[in-house]
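In case you want the letters, here they are:
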Amino acid sequence: MTRLVDLPRYELVPRPTLLQSLQRTEAALRRPGLFVKRDDLMAIAMGGNKLRSLEYWLGAAQQMKADIVLVAGTALSNLCRLTAAAASMAGFECVVFHNAPDDASARRASFLNRIFGASVRYLGPIDEHQRAQAVEAAAVDLARQGRRPYIVGDPALGALGYLRAAEELSEQCRELRRPIRHVFLPGSMGTTEAGFILGNALLGYPFEVHLVSVEYQEAELRERVRKIYDSAAALIGIDGVRFDGARVRCHMGFRGAGYALPTRAAERAILTFARAEGLLLEPIYSAKTFACFLDLARRGALPAAEPMCVIHTGGVPSLFGQFESFRDLALDPP
Ligand SMILES: Cc1ncc(COP(=O)(O)O)c(C=O)c1O
């Protein structure tokens, strides 16, 4: 028995999220067993992976009787937007910090944070480390003024949201003729990935996990995931379920020149899934992940008897702030 059940959780995600069969894609590729888990369809702010983590982060904030939550990210950050929405529902004041200049493009990208009632601070073009320092300093200042701030983002705590998602998916598989074998996730900062991988380990490895790197080189991605996995396992008091890197496949061919930089394959995935399945993907995380999923399905790289599922981690609202990057995209059908 783990300590998972004892940790405070603020309920945000109606479960289970939809597990949808990609029938038109299956027919077009003549590849059966293609699924998407719709974590982009949740009741709050169009959903997304961060809502599962926010259940634990806001649970912790409530437990420490915080009255204000602080969160940081780029102006397009899905974490910031979902924190602004969930914090407002849970009765917390919310301050969002962007490492961006206060200009028209950042204001447009951050607009929904204001709609959800958050205060937004623009810290200028600084790096993630400087941004974290600025947030810490703001928390110290607030505490001096008698406030009780909580900084959102602890990776080990956030990972627990996807530990539960692995359990949820394995339960959904009971309804299927053939259970899902391959699960695809974006490979990024590691919180979502580590949680799912830990959940998979606790279940006895029903899934093969595929991480599609959108940000780091393979060694760094693996190291990040392993560290978060270990601290999440420690947090819930599990010993002996060691991180088994051999059970995680990393796909490095879909990142392109770097984080948030467009690729042709991602652009094609956006158009393919929009037109075949009515799905919206955003270019930074989901489009690169779906591009890899599509490529492997199209090439028959995985046995047809082993169903594949891509987790749509959300972020769709950020699509509307990225109009400029779509200017050169050939949108007309061939
Ligand atoms: C839509 C979306 N998918 C995936 C990720 C990656 O999640 P993680 O930071 O847990 O690796 C993010 C992170 O911001 C995201 O916004």
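Check the entry above for the structure.
Basis of the calculations
- Residues numbered from 1 in each chain as written.
- Predicted model: local features only at pLDDT ≥ 70, side-chain atom pairs only at ≥ 80, totals over all residues.
- Heavy atoms only, no water.
- Salt bridge = Lys/Arg side-chain N within 4 Å of Asp/Glu carboxyl O.
- Helix = DSSP H or I, 4+ residues; strand = E, 2+ residues; numbered from the N terminus.
- Buried < 20%, exposed > 50% of the residue type's maximum accessible area, 1.4 Å probe, protein only.
- Pairing = 2+ DSSP bridges.
- Polar contact = N/O pair within 3.5 Å; in protein donor to acceptor, adjacent residues only side chain to side chain.
- Contact = heavy atoms within 4.5 Å.
- Axes fitted to C-alpha atoms, helices over the stretch in contact; angles between N-to-C directions.
- Parallel < 35°, antiparallel > 145°, perpendicular 65-115°, else oblique.
- Left-handed = near helix turned anticlockwise from the far one by under 90°.
- Nonpolar A, V, L, I, M, F, W, Y, C, P; charged D, E, K, R; others polar.

With that settled, the discussion passes to the pattern of salt bridges. For side chains of opposite charge, pairing can occur when their charged atoms come near one another. A complete count under the given rule lists 24 salt bridges for this structure. Residue Arg147 is joined to Asp67 by a salt bridge in which the shortest nitrogen-to-oxygen separation is 3.1 Å. Pair noted here: Arg147 is in the loop between helix 6 (128-144) and strand 6 (149-151) and Asp67 is in the loop between helix 2 (49-63) and strand 3 (68-73), with a separation of 80 residues, a long-range link. Given a relative accessible area of 23%, Arg147 falls into the partly exposed group. Notably, a salt bridge pairs Glu220 with Arg224, separated by 3.5 Å at the nearest N-O pair. Taken together, the residues span about one helical turn, with Glu220 and Arg224 both in helix 9 (residues 218-235) at a distance of 4 residues. Bridged by salt links that share partners, the residues Arg9, Glu11, Arg15, Lys37, Asp39, Arg52, Glu55 and Glu168 form one connected network.

It is worth spelling out the pairing of strand 2 (residues 34-38) at this point. The element strand 2 is largely enclosed, with a buried count of 5 among its 5 residues. Neither face of strand 2 is left uncovered, since the one carrying Leu34, Val36 and Arg38 and the one carrying Phe35 and Lys37 both have all their residues buried. The pairing of strand 1 (residues 19-21) with strand 2 spans 3 bridges and is antiparallel. The residue bridging Gln20 from the neighbouring strand is Val36, located in strand 2. In terms of strand pairing, strand 2 meets strand 10 (residues 308-312) through 5 bridges, oriented parallel. Bridging across to strand 10, Lys37 finds its partner in Ile311.

Residue placement: Ser318 occurs in the segment after strand 10. Overall, the relative accessible area of 4% leaves Ser318 in the buried class. Within the structure, the side chain of Ser318 is placed 2.8 Å from the backbone oxygen of Gly315, a separation counted as a polar contact. In contact with Ser318, not counting residues within four places along its chain, are Leu76, Asn78, Arg81 and Glu282.

Turning our attention to the sheet that holds strand 6. On the basis of which strands lie adjacent, the open sheet formed by 4 strands has the order 5-4-3-6 and parallel pairing. In the strand order of this sheet, the two ends are held by strand 5 (119-122) and strand 6, each with one partner. In this sheet, adjacent strand axes meet at a mean angle of 25° when their direction is disregarded. In this sheet, strand 4 (residues 93-98) lies alongside strand 3 in parallel orientation, the contact comprising 6 bridges. Paired with Ala72 across the two strands is Phe97, which belongs to strand 4. Where helix 6 meets the sheet, it contacts strand 3, strand 4, strand 5 and strand 6, and its direction lies at approximately 165° from that of strand 3.

Right, let's talk about the environment of His98 for a bit. Secondary-structure assignment places His98 in strand 4. Remark: the alpha-carbon pair of His98 and Glu128, spanning 30 residues in sequence, is separated by 9.8 Å. Residues within four places of His98 in sequence aside, it is in contact with Gly73, Thr74, Ala75, Cys80, Ser110, Asn113, Val120, Arg121, Tyr122, Leu123 and Gly124.

Sheet strands pair by backbone hydrogen bonding; their relative direction is either parallel or antiparallel. Spatially, 1-2-10-7-8-9 is the arrangement adopted by the 6 strands of the open sheet, whose pairing is mixed. At either margin of the open sheet sits one strand with a lone partner, and together these are strand 1 and strand 9 (248-251). Taking the axes of each pair of neighbouring strands and ignoring which way they run, one obtains an average angle of 30° across the sheet. Along the sheet face, helix 7 (residues 155-173) touches strand 1, strand 2, strand 7 (182-187) and strand 10 and points at about 135° away from the line of strand 2.

So, on to the packing of helix 2 against helix 7. The contact between helix 2 and helix 7 brings their axes to 7 Å, and the two run at 125°. With respect to helix 7, the axis of helix 2 lies oblique. The handedness of the crossing between helix 2 and helix 7 is right-handed. From helix 2, Asn49, Arg52, Ser53, Tyr56, Trp57 and Ala60 reach across to helix 7, where they touch Leu157, Gly158, Leu160, Gly161, Tyr162, Arg164, Ala165 and Glu168. Considering only residue class, the contact of helix 2 with helix 7 consists of 7 nonpolar, 4 polar and 3 charged.

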